[in-house]
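Fold and contact review
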Amino acid sequence: MTDDPTPDQMEHMARTLEGTGRYRVLRPLTPRTLSEYPKEAGTRLGMFLDLETTGLSAAKDEIIEFGIVPFVYTLDGRILGALEPFSRLREPSCPIPPQITELTGITPAMVAGQSVTPEEVEHFVAPASLIIAHNANFDRKFAERFTPAFTTKPWACSMRDVDWAAEGYEGRKLSYLGMQAGFWFDGHRAVDDCQAGIAILDRDLPVSGRRALGVLLENARQIRCRIWAENAPYEYKDMLRQRGYRWNDGTDGNPRAWSISLPEEQVEAELAFLSAEVFARPVELPVTRITPWDRFSTRC
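Residues numbered from 1 in each chain as written. Predicted model: local features only at pLDDT ≥ 70, side-chain atom pairs only at ≥ 80, totals over all residues. Heavy atoms only, no water.

In terms of regular secondary structure, the protein chain is built from 10 helices and 12 strands. In the protein chain, of all internal contacts separated by at least 6 residues, the share reaching a separation of at least 24 is 68%. Taken as a whole, the protein chain presents about 16,300 Å² of accessible surface, with 51% of it coming from carbon and sulfur. Taking the average place of the 34 positive charges on the side chains of the protein chain and the average place of its 43 negative ones, the gap between the two points comes to 3 Å. (Helix = DSSP H or I, 4+ residues; strand = E, 2+ residues; numbered from the N terminus. Contact = heavy atoms within 4.5 Å. Areas by Shrake-Rupley, 256 points an atom, 1.4 Å probe, with all protein chains shown as cover. Lys, Arg positive; Asp, Glu negative; His and termini not counted. Charge placed at Lys NZ, Arg CZ, Asp CG, Glu CD.)

Printed below as a string of structure tokens:
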């Protein structure tokens, strides 16, 4: 019998296997934490948010778990470390569907009697300079319905604001990105997902060599415009979808129409394309200007 190997010995074995070129070894995610906010100049406080919910509709489903992990970053995209997270379960007004329990591991017994107040969340996120979520289009709508504090913050999306495909990744799911980055983690619990998202953004991208957070910040700062192709002829739906348009059913208060989000400088050319190729006549279409404070909100 031999003693169990030490962590250093196991790391040596992992590096030996990797050195052969025949193996890839995944390490467990080990978050880089800070005991307090550092005094380094030029830093900002970001918050990575993940919500577990009873379903996909922010209009009728409810939050059952909050995970918010603050982290300190520099404007050029360096992450200095994470601070103490906000982790809370919440009992919804309706039963948790079995498929949600299967996905998240959150049972009715776990949330029984648990609550979170909007005031608690507002106090925690007040110092944030930026909110990030992996699929912010989903999380922001739930978060804003819970408290308007989230309407006052700029948002970014770790799934959309980095071109993972151009960097050699074949998927954008958080667990897949983690594996590509060399680690595994327990997914579908809010704080674990937040810690994984921060770790992924702390990596150098394999093709460009740039820090992932730096790329995200650059894209998140851009002003974009959403074009609403109202009353587009039905026979052009496939063309619009292939061009990147998404259908909006109008239930969120925005137009019932195909829409696309583009940088400001591309709007004029896209409107000309729609007039010539889709409507076959000059048209004036609604265009919504989107700032980082508006992105992924139902307001856009």
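Let's pick the thread back up.
In spatial order, the strands read E10-E11-E9-E12; together these 4 strands make up an open sheet with antiparallel pairing. Bordering the open sheet on either side are strand E10 (246-248) and strand E12 (287-290), each of which pairs with just one other strand. When the angles between neighbouring strand axes are averaged without regard to direction, this sheet yields 30°. One ladder, built from 6 bridges, connects strand E9 (residues 224-229) with strand E11 (residues 257-263); its direction is antiparallel. Across the sheet, residue Arg224 finds its bridge partner in E11, namely Pro263. (Pairing = 2+ DSSP bridges. Axes fitted to C-alpha atoms, helices over the stretch in contact; angles between N-to-C directions.)

Turning to the pattern of salt bridges, a few remarks are in order. Under the counting rule described, the total for this entry stands at 18 salt bridges. A salt bridge links Arg78 to Glu40, with the nearest nitrogen and oxygen atoms 2.9 Å apart. Remark: Glu40 occurs in the loop between strand E1 (27-28) and strand E2 (43-53) and Arg78 occurs in the loop between strand E3 (63-74) and strand E4 (79-82); sequence separation between them is 38 residues. Given a relative accessible area of 37%, Arg78 falls into the partly exposed group. The salt bridge involving Asp238 is made with Arg241; its shortest N-O contact spans 2.9 Å. Of this pair, Asp238 and Arg241 both sit in helix H9 (residues 237-243), 3 residues apart, which is roughly one turn of that helix. Each of Glu11, Arg15, Glu18 and Arg27 takes part in salt bridges that share partners, so that together they form one network. (Salt bridge = Lys/Arg side-chain N within 4 Å of Asp/Glu carboxyl O. Buried < 20%, exposed > 50% of the residue type's maximum accessible area, 1.4 Å probe, protein only.)

Quick look at the nonpolar core now. By size, the foremost hydrophobic cluster in this structure holds 31 residues, and its most contacted members are Phe71, Ile132, Trp164, Leu201, Leu213 and Leu216. Listing elements by their share of this core, those giving two or more residues are E3, E4, strand E6 (130-133), helix H6 (174-181), helix H7 (190-201) and helix H8 (212-220). Here this core gets 7 residues from one element, more than from any other, and that element is H7. For Phe71, the contacting residues outside a window of four places in its chain are Arg44, Leu45, Gly46, Met47, Phe48, Ile79, Gly81, Ala82, Ile132, Ile198 and Leu213. Core analysis: the next-biggest nonpolar cluster, separate from the first, contains 29 residues, Leu49, Leu51, Ala133 and Phe142 among them. (Core = buried A, V, L, I, M, F, W, Y, C linked by side-chain atoms within 4.5 Å.)

Among the residues of H6, those classed as buried are Leu174, Leu177 and Gly178. Along the axis of H6, the buried positions cluster into a sector of 105°, meaning they face one direction only. Directly beyond the C-terminal end of H6, a positive phi value near 100° is found at Gly182. (Arc of directions from axis to C-beta.)

Across 3 bridges, the pairing between E3 and E4 is antiparallel. Each residue of the ladder has a partner; that of Tyr73, found in E4, is Ile79. Here E3 folds back onto E4, and the loop between the two strands holds 4 residues, one of which, Gly77, carries a positive phi near 100°.

Moving on: the packing of H6 against H7. Running from N to C, H6 and H7 cross one another at 45°; their axes reach a closest spacing of 10 Å. Taken as axis vectors, H6 and H7 run oblique relative to one another. You can see that H6 and H7 cross each other, and the crossing is left-handed. Taking contact as the criterion, the partners of Leu174, Leu177 and Gly178 in H6 are, on H7, Asp193, Ala196, Gly197 and Ile200. Broken down by class, the residue content of the contact of H6 with H7 amounts to 4 nonpolar, 2 polar and 1 charged. (Parallel < 35°, antiparallel > 145°, perpendicular 65-115°, else oblique. Left-handed = near helix turned anticlockwise from the far one by under 90°. Nonpolar A, V, L, I, M, F, W, Y, C, P; charged D, E, K, R; others polar.)

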